[in-house]
Amino acid sequence: SRFNSKPIVILDDLEFWQDKSHGFLDNVRAALKFIESESDDILLIISVSKLMQMHLDHRISFSNSFSTYIDVSISSTTEVFNAVRLRHGASHRKLVDDNDELISPRQFERLVYRLCKKFDNNLGEVLQAWTYGTHLTLDNKVVFIESSHYLPDFFTKEEAILLKYVLLYFIIDERTIKAFLGYESGLKRLANTKVLVRNEKGYLSLNTVVSHEVRKNLIYRGILK
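Small disclaimer: the values here were computed from a predicted structure and weren't measured.

Draft legend 1. Representation of the side chain of His-212 within the structure. As for its position among the elements, His-212 is in helix H9 (residues 211–221). The class for His-212 is buried, based on a relative accessible area of 7%. Engagement of the side chain of His-212 in a polar contact is seen with the backbone oxygen of Lys-118, the distance being 3.4 Å. In this structure His-212 touches Lys-118, Phe-119, Asp-120 and Glu-125, once residues within four positions along its chain are discounted.

Encoded structure:
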């Protein structure tokens, strides 16, 4: 029944597509070669961060190998507002503030717009902030408390370079840092302050709670564009 159907191959989070036996760039080149030979019969969809896309464009002709580019790092305010409204609507609960007063539609709209401004209209970041800011009360209501905390830029130059590497490849391990960068002293402080968190396999990744502020700090320093 699928004889006349064209398959779709999806590589989500391209940065993770590597292991000890297969290097990242080798895998990317294989994917591009696959596009050249099979694109008439197979649709290949790849998701990758903008930072990694820029890196690959510098190393190889990456973006030019694709027919369509969709940037999901920024959305319109209306799109973000509708997404947050759908997220809250799925709970079927009343939304209140920290004084247990019902939040009006106009107040709800202002809350979302403030989050849009804070997170540069990044849909994922806004939804994450909304999730972290909402709590279920004992009487089955949802209370939203807007966070006033921020992450200070306390990073040394060494730590900033480490964070740029993490933003590029998503995960790091001590051996890789020592082999490529020649140092690992900054790694311990970033892990102790929970800027980097360790998974069950021992790899370190950027804490999603502070990822946006880390990125903005590095952009302000001129380390990222």
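Draft legend 2. Region of the structure containing the pattern of salt bridges. On inspection of all chains with the given rule, the structure shows seven salt bridges. A salt bridge links Lys-141 to Asp-100, with the nearest nitrogen and oxygen atoms 3.7 Å apart. Taken together, the positions of Lys-141 in the loop between strand E4 (134–136) and strand E5 (142–144) and Asp-100 in the loop between strand E3 (95–96) and helix H4 (105–118) put the pair 41 residues apart, joining distant regions of the chain. Among the ionic pairs, Asp-153 bridges to Arg-221, the shortest N-O distance being 2.8 Å. One end of the pair, Asp-153, is in the loop between E5 and helix H6 (157–169); the other, Arg-221, is in helix H9, and 68 residues separate them in sequence. Asp-153 sits in the partly exposed class, given a relative accessible area of 35%.

Draft legend 3. Examining the side chain of Glu-125 more closely. If you trace the backbone, Glu-125 turns up in helix H5 (residues 123–133). Each residue touching Glu-125, except ones within four places of it in the same chain, is listed here: Phe-119, Ser-211, His-212 and Arg-215.

Draft legend 4. Quick look at the nonpolar core. The biggest cluster of nonpolar side chains holds 36 residues, and the ones touching the most others in it are Leu-163, Leu-196 and Val-214. Put simply, the parts of the chain that give this core at least two residues each are helix H1 (24–38), strand E2 (43–46), helix H2 (50–59), H6, helix H8 (185–192), strand E8 (204–206) and H9. Among the elements that take part in this core, H6 stands out by supplying eight residues, more than any other. Counting 18 residues, the second-largest nonpolar core is a separate cluster that includes Leu-111, Cys-116, Leu-127 and Phe-144.

Draft legend 5. Seen up close, the pairing of strand E1 (residues 8–11). Across four bridges, E1 lies against E2 in parallel orientation. Paired with Leu-11 across the bridge in E2 is Ile-46. Between the parallel elements E1 and E2, the chain passes through H1 in a crossover that is right-handed.

Draft legend 6. Fine view of a nonpolar patch on the surface. Together, Ile-8, Ile-10, Leu-43 and Ile-45 give the surface a local cluster of nonpolar side chains, amounting to about 380 Å² of exposed area. Every element with two or more residues in the nonpolar patch is listed here: E1 and E2. Tracing the sequence through the fold places Ile-8 in strand E1.

Basis of the calculations
- Residues numbered from 1 in each chain as written.
- Predicted model: local features only at pLDDT ≥ 70, side-chain atom pairs only at ≥ 80, totals over all residues.
- Heavy atoms only, no water.
- Helix = DSSP H or I, 4+ residues; strand = E, 2+ residues; numbered from the N terminus.
- Buried < 20%, exposed > 50% of the residue type's maximum accessible area, 1.4 Å probe, protein only.
- Polar contact = N/O pair within 3.5 Å; in protein donor to acceptor, adjacent residues only side chain to side chain.
- Contact = heavy atoms within 4.5 Å.
- Salt bridge = Lys/Arg side-chain N within 4 Å of Asp/Glu carboxyl O.
- Core = buried A, V, L, I, M, F, W, Y, C linked by side-chain atoms within 4.5 Å.
- Pairing = 2+ DSSP bridges.
- Right-handed = clockwise from strand over helix to strand, strands pointing away.
- Patch = residues over 30% accessible without salt bridge, like charges linked within 9 Å, V, L, I, M, F, W, Y side chains within 5 Å.
- Areas by Shrake-Rupley, 256 points an atom, 1.4 Å probe, with all protein chains shown as cover.

By themselves, these are just geometric observations and shouldn't be taken as functional.
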